[in-house]
Amino acid sequence: MLTALRLSAFAGLILSGAIFGFFYAWVCSTMWGLDAADPKIAIAAMQAMNASVRNAVFAPAFFGTPVVLILTAVLAFYAKRRDVCWPFAAAGVIYFLGGMLLTMLVNVPMNEALDLLEIPADPGAAARIWEDYSPRWQVWNQTRTLVSGITLCLAGYGLMRLGRV
């Protein structure tokens, strides 16, 4: 049981770090780069990135993180490690609500609406589309980045507690 708990805790930490890093990269480089580009190019690039993100490399971090964190909490509970149970349970719930659910309810619909648009030939129209999309998308991305950072910290704390007997 303890070996399964340790492996699950480590996997939870890795997945939490992966999803935090994914969201963080959008905050500190991708969106700044797109905002600096011609709006027609930014729209086309965002459409391409949104189409490419649904893949087997991204899926484990996005969908697996809350599952592994909750599994770790359950294993900790049965191993009578309540001190380890709560940080993993909290991390799983926090990420599910503020990372995964937020993404599916806010960012994904925004992305899908952007994907339906044809890029206008008029530079002013393209600029208005991007100005309506980017700031709002970034606020929600920064929120899920913060939530994912908290998730990562809780998973790290839980793993640290697991090392203490």
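Conventions used here
- Residues numbered from 1 in each chain as written.
- Predicted model: local features only at pLDDT ≥ 70, side-chain atom pairs only at ≥ 80, totals over all residues.
- Heavy atoms only, no water.
- Helix = DSSP H or I, 4+ residues; strand = E, 2+ residues; numbered from the N terminus.
- Buried < 20%, exposed > 50% of the residue type's maximum accessible area, 1.4 Å probe, protein only.
- Disulfide = S-S within 2.5 Å.
- Contact = heavy atoms within 4.5 Å.
- Phe/Tyr/Trp six-rings, centres within 6.5 Å; stacked < 30°, edge-to-face > 60°.
- 1 Å grid on protein atoms, 1.4 Å probe; cavity = no way out; pocket = protein on both sides within 12 Å on 5 of 7 lines; lining within 4 Å.
- Points joined across faces, edges and corners; volume = space filled by probe spheres on them.
- Nonpolar A, V, L, I, M, F, W, Y, C, P; charged D, E, K, R; others polar.
- Salt bridge = Lys/Arg side-chain N within 4 Å of Asp/Glu carboxyl O.
- Axes fitted to C-alpha atoms, helices over the stretch in contact; angles between N-to-C directions.
- Parallel < 35°, antiparallel > 145°, perpendicular 65-115°, else oblique.
- Left-handed = near helix turned anticlockwise from the far one by under 90°.

Caption draft 1: Here's a closer look at the overall build of the protein. Tallying secondary structure elements over the protein gives five helices and zero strands in all. In the protein, the order of α-helices and β-strands from amino to carboxyl end is α-α-α-α-α. Principal-axis analysis of the C-alpha atoms gives the protein an extent of 65 × 25 × 20 Å. When each of the 165 residues of the protein is scored for burial, the buried share is 40%.

Caption draft 2: Main features of the state of the cysteines. Under the criterion given, the structure shown has zero disulfides. Here C85 is not disulfide-linked; the sulfur of C153 is the nearest cysteine sulfur, at 19 Å. Overall, C85 belongs to the buried group, its relative accessible area being 15%. Not engaged in a disulfide, the cysteine C153 finds its nearest cysteine sulfur in C28; these two sulfurs lie 16 Å apart. A residue is classified by how much of its surface remains accessible, and C153, at 58% relative accessible area, is exposed.

Caption draft 3: Just the side chain of T103, in detail. Relative to the helices and strands, T103 resides in helix α4 (residues 82-116). With residues near it in sequence (within four places) discarded, T103 still touches F23, F62, V108, P109 and R144.

Caption draft 4: How the structure looks around the packing of aromatic side chains. Counted according to the given criterion, the structure contains 11 aromatic pairs. With centroids separated by 4.8 Å and ring planes inclined at 90°, the aromatic side chains of F62 and F63 adopt a geometry described as edge-to-face. Judged by relative accessible area, which is 4%, F62 ranks as buried. Where Y133 meets W137, the ring centres are 6.4 Å apart and the plane angle is 25°; that geometry is what we call stacked. You can see Y133 and its partner W137 sitting in helix α5 (residues 123-162), four residues apart, about one turn around the helix. Take Y133 and W137: they sit in the same class, and that class is buried.

Caption draft 5: Summary view of the layout of surface pockets. In this structure, the largest pocket encloses a volume near 300 Å³. Lining the largest pocket are 18 residues; nearest its centre among them are V53, R54, F58, T103 and V108. At the level of secondary structure, the elements contributing two or more residues to the lining of the largest pocket comprise α1 (2-36), α3 (58-78), α4 and α5. A per-element tally of the lining of the largest pocket places α4 first, with five residues. Along the lines of polarity and charge, the residues of the lining of the largest pocket split into 11 nonpolar, five polar and two charged.

Caption draft 6: Quick peek at the pattern of salt bridges. In total, this model carries four salt bridges according to the counting rule given. When the shortest N-O distance is used, the salt bridge between D83 and R81 registers 3.1 Å. By relative accessible area, D83 is classed as partly exposed at 23%. The salt bridge partner of R128 is D122, with a shortest N-O separation of 3.9 Å. Here D122 falls in the partly exposed class, since its relative accessible area comes to 42%. Put simply, R81, D83 and R161 are held in one network by salt bridges that share partners.

Caption draft 7: A look at the packing of α1 against α5. Where α1 meets α5, the axes come as close as 8 Å, and the angle between the chain directions of the two elements is 155°. By the angle between their directions, the pair α1 and α5 is classed as roughly antiparallel. Handedness of the crossing formed by α1 with α5: left-handed. For the contact of α1 with α5, the per-class residue count stands at 20 nonpolar, 12 polar and three charged.

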